[in-house]
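# Understanding the architecture of this molecule
Single-letter residue listing:
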Amino acid sequence: MNDTSPEQDRALEAEAMKWLALQQEIAPAGHWDELRGQPQPTDTLAPATLPTTPAHKPSITEPAASPRASHTTISPAWQNFFGALPPDPGTRASELNARMAHVQRQVRDNGITYNVYAAADQPQRPWSLDLFPLMLGPTDWQQIAAGVVQRMQLLERIMADAYGPQQLVLSGQLPAALVHGHPGYLAAMHGVAPVGGRYLSLAAFDLARGPDGCWWLLSQRTQAPSGLGYLLENRQIVSRQFPQAFESLSVQRLAETYRALIDGIKARSPAGASAHIALLTPGPYNETYFEHAYLARYLGLSLVQGHDLTVRDEKLYLKTLQGLQPVHGLLKRVDDDWLDPLELRAESTLGVPGLLQAVRCGNVLVANTPGSGFLESNALLGFMPALARELLGQDLQLPAIPSWWCGEAAALQDVLPRLQTCVIKPTYPYHSDRQSFEPVPGHTLSRREQDEWAGRILRDPDAHTLQSWLPLSYQPTWQTGADGAPSIQSRPVVLRVFAVADAQGGWQILPGGLARLGTREGIASMQRGGSSADVWVQGAALSPSAPPSSAPLPLAAHAEAPAQRQRLVTSRAAENLFWMGRYTERTENTLRLVRLSLEILGGENQHLPSLLNFISRMAMRHGMVRAGVPSAAQAHRVFERSLIAGLWDQEMATSVGFNLRAVRLAAASVRERLSPEHWRLLEQAEARFFSASSHTPLPDSLSVQSLLTDTSQMLAALTGAQTDRMSRDDGWRLLSIGRHIERLEFLSTALIEALPLGLIGEQAGFDAVLELFDSTISFHAQYQQSRTPQALLDLLVTHPDNPRSLGWVAHTLRARLRRMAPLADGATLPLADGLPDLIEMRPESLWPVNQPALPVGAEPPLTLPLLTILGQCQTAAREVSDQLCALFFSHSGQARYSVGA
């Protein structure tokens, strides 16, 4: 019965027409239209291409409409969504454009990236996120959630049988080729009881809506499913663009499921609620590393790589500055093959030798238990209905796309004649030791290509699985065309849903998911340039959860409040923080030196031999020009052009560009410790600086000086982020120590180079030294025009409050080393004591009053106390660096390669 009046119907239809006027591309015929809540009618699509299952009724929020209605109707959820926007169509388009720009800016600002092959010398690819969310009504979600819970129960039972009695294989209900013959099955784990009584802690299910309005399962991921971090960022960004619609649609929240995941892992781990959980990542070059760092930060986990961990006495430990710390649970983002080079891939550098033995002994919970890879096979879907009846005594509530494993003679004979209506998929995807390939839609193949594929299938039937082709539903997206005109365009969508095991022994389904959008021609994976969308599950109803399979496990909330703990700093993170500090300081030092050099070469003092020799010697000493380049005194302009060219030289020079990129590389390995603003500063500074390197010819001196000024300002902000926006733990102290080691050596070296050239004895040279120490303003404020050696040394060597003073640097470095003493059984105390105590000295003791300023070219007397002190500063800085590396970093292995050194 219709509850609205004809006038209201006409008003709604008029409102819908306003929005549909913005839509340039609708869903193709025969596909479900998410915007309209119904399929686009077709008379040409062959019924044989569509999967059918009489046991499942379509879940359709709107009744089937006539062809005319399909062009004028918007589903109620989308009417609600659009209702909060301005009524004028032109204003609406402008408003949506502004919100889309905000989404893209937020993605960039948050540093959200997804890279196919992340490389040090290539920019990060921003995550692609659409403005509109995928809408799921309560009825749709109940079907999905209940079906996913049931399938999680089934997968757990299948894995328990495969690594236990193996009755399914022995009885012929599951082919041995899909279990023992699958590369993802780990025979080394057979007979091993899962830690905590559960094999699976989380899984992902890829779903698509068919033309019947029903959701169909396409695939399942159990090894290391990605998306949990990206979907959370999607939610935070998109929900802020439409706050009124988000509230009016009663969109379910996500945070509770993340807490349930961690509480469940802790409850099942050997140490219970006090367990130390870590997230195992392949490292910063992995395409989803952003998500790994984001999840570790959001969930409060230690982000670790394989060489951060070690197995001792069949227990897993994390190498930290505080020594070896036990790890009780591991949320892995590394595929099983690479987990343990002792028992699996010997060439793996991503895993931990002995990890499987630690799991077998029950000393560490790995989520998911190694060996779940065989559950991801596309061929397994065809056996699931019968297995559900056998193991659960139930019919599956969530249907899977019809699948035929070609290793069965009967299935092969049945489906091969219908190759053109199917999708050809590998039985063993993601495994290099078995035949694998990208899925191939049969209807896109010519007759000759179909015959070729049929021949491949017949030659190796086990490696091939055929699935029915499912016309995917189409989701509205906000696009800007080549002409700049915005419009609503439809794109195919696949929904990834996540299930997690909670602390009570049941399953929770994340009330949302990750929607992946493809091109108009078909779905695209994120590796191939696809986009994503947020997923809004409407209604206040709770997601279904499975009842506990055993007695409830203790909740983390019931445990006593933990004592305040210091954040663990892994040896790898410590080394990268140390080098991050050193390279940051090197970048500032070299940048200041280049700016000073260009000012001298282009200013009134460009012909002073002492200044030219000074900048030449400093540039050569710090690798800012290539070997063999004539000095500034020999070839003024050649030196200047070489200095500019060296700014971006990544091979032969170690100037500003080299050091700036090294900062970012070191920071990438500790990204979970950095705020989004900190990381954004790094990326922006690097991107802006290197954008000038593409100019042909190279920029002139004035343009370069302007670029260096901008970069200097960004580095000042970066220094502020390192100083005031990071927790002052042992890792931060190492970062600070790294900066002060560099500063102490650079500034003492600068004075040693300046003295024999007589720079202190002439005004231009005096001012150049002040500029290099970044102390010009301080000197003029305190000493006005008193240009004596004693005044200079008071500010630059012995001053207790000038952060560019050697005395201040040594004093601060000494304090940091003393704070580190407990971590090394006091071994840093001699290093602290070895630093000269410059603050207690008087300038007159370093440069006697009766000692005049040296004229240009005069060698300073060997008895000058200042030379001895400067030499001590250089020696102490190098000694501290070497000893710290030996104390803290010598066992961190490959971390040294992550800083570009």
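About the thresholds
- Residues numbered from 1 in each chain as written.
- Predicted model: local features only at pLDDT ≥ 70, side-chain atom pairs only at ≥ 80, totals over all residues.
- Heavy atoms only, no water.
- Helix = DSSP H or I, 4+ residues; strand = E, 2+ residues; numbered from the N terminus.
- Buried < 20%, exposed > 50% of the residue type's maximum accessible area, 1.4 Å probe, protein only.
- Contact = heavy atoms within 4.5 Å.
- Areas by Shrake-Rupley, 256 points an atom, 1.4 Å probe, with all protein chains shown as cover.
- Axes fitted to C-alpha atoms, helices over the stretch in contact; angles between N-to-C directions.
- Parallel < 35°, antiparallel > 145°, perpendicular 65-115°, else oblique.
- Nonpolar A, V, L, I, M, F, W, Y, C, P; charged D, E, K, R; others polar.
- Pairing = 2+ DSSP bridges.
- Core = buried A, V, L, I, M, F, W, Y, C linked by side-chain atoms within 4.5 Å.
- Polar contact = N/O pair within 3.5 Å; in protein donor to acceptor, adjacent residues only side chain to side chain.
- pLDDT = per-residue confidence, 0-100.
- Arc of directions from axis to C-beta.
- Salt bridge = Lys/Arg side-chain N within 4 Å of Asp/Glu carboxyl O.
- Left-handed = near helix turned anticlockwise from the far one by under 90°.
- Right-handed = clockwise from strand over helix to strand, strands pointing away.

### Observations regarding the overall build of the protein
Within the protein, the secondary structure is distributed over 28 helices and 23 strands. Across the 901 residues that make up the protein, the buried fraction comes to 58%. In the protein, of all internal contacts separated by at least 6 residues, the share reaching a separation of at least 24 is 74%. Just so you have it, the protein exposes about 35,600 Å², and 52% of that area is on carbon and sulfur atoms.

### Some words on the packing of helix H9 (residues 255-268) against helix H10 (residues 289-299)
Running from amino to carboxyl end, H9 crosses H10 at an angle of 85 degrees, the nearest separation of the two axes being 11 Å. Here H10 runs roughly perpendicular to H9, going by the angle between their axes. Contacts between H9 and H10 involve Ala255, Tyr258 and Ile262 from the former and Leu295, Tyr298 and Leu299 from the latter. The residue inventory of the contact of H9 with H10, partitioned by class, reads 6 nonpolar, no polar and no charged.

### Considering the sheet that holds strand S9 (residues 309-312)
If you trace the 3 strands from one edge of the open sheet to the other, you get S9-S10-S11, paired in antiparallel fashion. In this open sheet, the two strands that pair with only one neighbour each are S9 and strand S11 (323-326). Direction aside, the axes of adjacent strands within the sheet are offset by 45 degrees on average. Pairing of strand S10 (residues 315-320) with S11 involves 4 bridges; the strand directions are antiparallel. Within the sheet, the bridge partner assigned to Lys319 lies in S11 and is Leu324.

### Considering unusual backbone geometry
Following Ala367, the chain continues into Asn368 via a peptide bond in cis, with omega recorded as 0 degrees. As for its placement among the helices and strands, Asn368 is situated in the loop between strand S13 (365-367) and helix H12 (384-391). The phi dihedral of Ser250 is positive, around 50 degrees, even though this residue is not glycine. Structurally, Ser250 is set in the loop between helix H8 (243-248) and H9. The phi dihedral of Asp774 is positive, around 55 degrees, even though this residue is not glycine.

### Here's the deal with the sheet that holds strand S16 (residues 440-441)
Read from one edge of the open sheet, 4 strands run S14-S17-S15-S16, paired in antiparallel fashion. Two strands lie at the open edges of the sheet, namely strand S14 (403-405) and S16, each paired on one side alone. Here 3 bridges tie S14 to strand S17 (residues 464-468), and the two strands are oriented antiparallel to one another. Its bridge partner being in S17, Trp404 is matched across the sheet by Leu466. Relative to the sheet, helix H14 (residues 447-459) contacts strand S15 (422-426), S16 and S17, its axis offset from that of S17 by approximately 130 degrees.

### Here's the deal with the nonpolar core
In terms of nonpolar packing, the biggest core is built from 107 residues, with Met580, Trp648, Phe689, Ile737, Val797, Leu817 and Leu866 touching the most fellow members. Apart from the residues within four sequence positions on either side, Trp648 is in contact with Phe689, Phe690, Ala692, Ser693, Leu698, Pro699, Val704 and Leu707. Counting 74 residues, the second largest nonpolar core, distinct from the first, contains Leu316, Leu381, Ala388 and Leu392.

### Considering the pairing of S9
For a regular strand, side chains alternate in direction, first toward one face of the sheet and then toward the other. The pairing of S9 with S10 spans 4 bridges and is antiparallel. Note that in S10 the partner of Leu309 across the bridge is Leu318. The hairpin turn running from S9 into S10, its antiparallel successor, is 2 residues long, and Asp313 in that turn takes a positive phi close to 50 degrees.

### Digging into the environment of Gln782
Among the secondary structure elements, Gln782 is positioned in helix H23 (residues 776-783). In sequence terms Gln782 and Leu795 are 13 residues apart; their C-alpha atoms lie 8.9 Å from each other. Here Gln782 is in contact with Leu795 and His799, once residues within four sequence places are set aside. Within the structure, the side chain of Gln782 is placed 3.2 Å from the side chain of His799, a separation counted as a polar contact.

### Here's the deal with the confidence of the model for the protein
Chain-level statistics for the protein give a pLDDT mean of 86 and a share of 85% at 70 or above. Contacts of residues 44-70 to residues separated by more than four positions or lying in other chains number 50 contacts, the stretch itself having pLDDT below 50. Counted against residues more than four places away or in other chains, residues 892-901, with its pLDDT under 50, gives 25 contacts.

### Side note on helix H3 (residues 76-83)
Along H3, the residues that are buried comprise Ala77, Trp78, Phe81 and Phe82. Summarising the axial view, the buried residues of H3 lie within an arc of 125 degrees, below the 170-degree limit, and thus occupy one face.

### Considering the pattern of salt bridges
Side chains carrying opposite charge are able to pair once their charged atoms draw close together. In this structure the tally under the stated criterion is 40 salt bridges. Glu34 is the partner of Arg209 in a salt bridge, and the nearest nitrogen-oxygen pair spans 2.9 Å. Taken together, the residues span a long stretch of sequence, with Arg209 in strand S5 (residues 202-209) and Glu34 in the loop between strand S2 (32-33) and strand S3 (38-39) at a distance of 175 residues. Residue classification places Glu34 among the buried residues on the basis of a relative accessible area of 6%. Here Asp140 makes a salt bridge to Arg209, at a shortest N to O gap of 3.3 Å. Pair noted here: Asp140 is in helix H5 (residues 138-162) and Arg209 is in strand S5, with a separation of 69 residues, a long-range link. Both residues of the pair, Asp140 and Arg209, count as buried. Connected through shared salt-bridge partners, Glu585, Glu588, Arg739, Arg743 and Arg804 make up one network.

### Here's the deal with the packing of helix H15 (residues 571-602) against helix H17 (residues 636-645)
Relative orientation of the contacting elements H15 and H17 amounts to 155 degrees, with a least axis distance of 11 Å. Taken together, the axes of H15 and H17 lie roughly antiparallel to each other. Once H15 is placed against H17, the crossing between them reads as left-handed. For the pair formed by H15 and H17, the contact residues are Val594, Ser597, Leu598 and Leu601 on the first element and His636, Arg637, Phe639, Glu640, Leu643 and Ile644 on the second. Looking at the contact of H15 with H17 residue by residue, the classes come out as 6 nonpolar, 2 polar and 2 charged.

### A look at helix H22 (residues 763-772)
The element H22 is largely enclosed, with a buried count of 7 among its 10 residues. Listing the buried residues of H22 in full gives Ala764, Gly765, Phe766, Ala768, Val769, Leu770 and Leu772. Each element contacted by the buried residues of H22 is listed here: H15, helix H16 (609-621), helix H21 (730-754), H23 and helix H24 (789-798). Downstream of H22 by a residue or two, Asp774 has a phi angle that is positive, lying close to 55 degrees.

### A closer look at the pairing of strand S7 (residues 277-280)
Residues of S7 alternate between two faces, with Ile277 and Leu279 on one and Ala278 and Leu280 on the opposite face, all of them buried. By the bridge criterion, 4 bridges tie S7 to strand S12 (residues 329-332) in an arrangement that is parallel. Bridge pairing links Ile277 to Gly329 in S12. Traced from S7 through H10 to strand S8 (residues 302-304), the parallel crossover comes out right-handed.

### Quick notes on the side chain of Arg516
The residue Arg516 is located in strand S21 (residues 514-517) in this model. Residue Arg516 is classed as buried on the basis of its relative accessible area of 17%. A distance of 3.1 Å separates a polar atom in the side chain of Arg516 from a polar atom in the side chain of Asp206.

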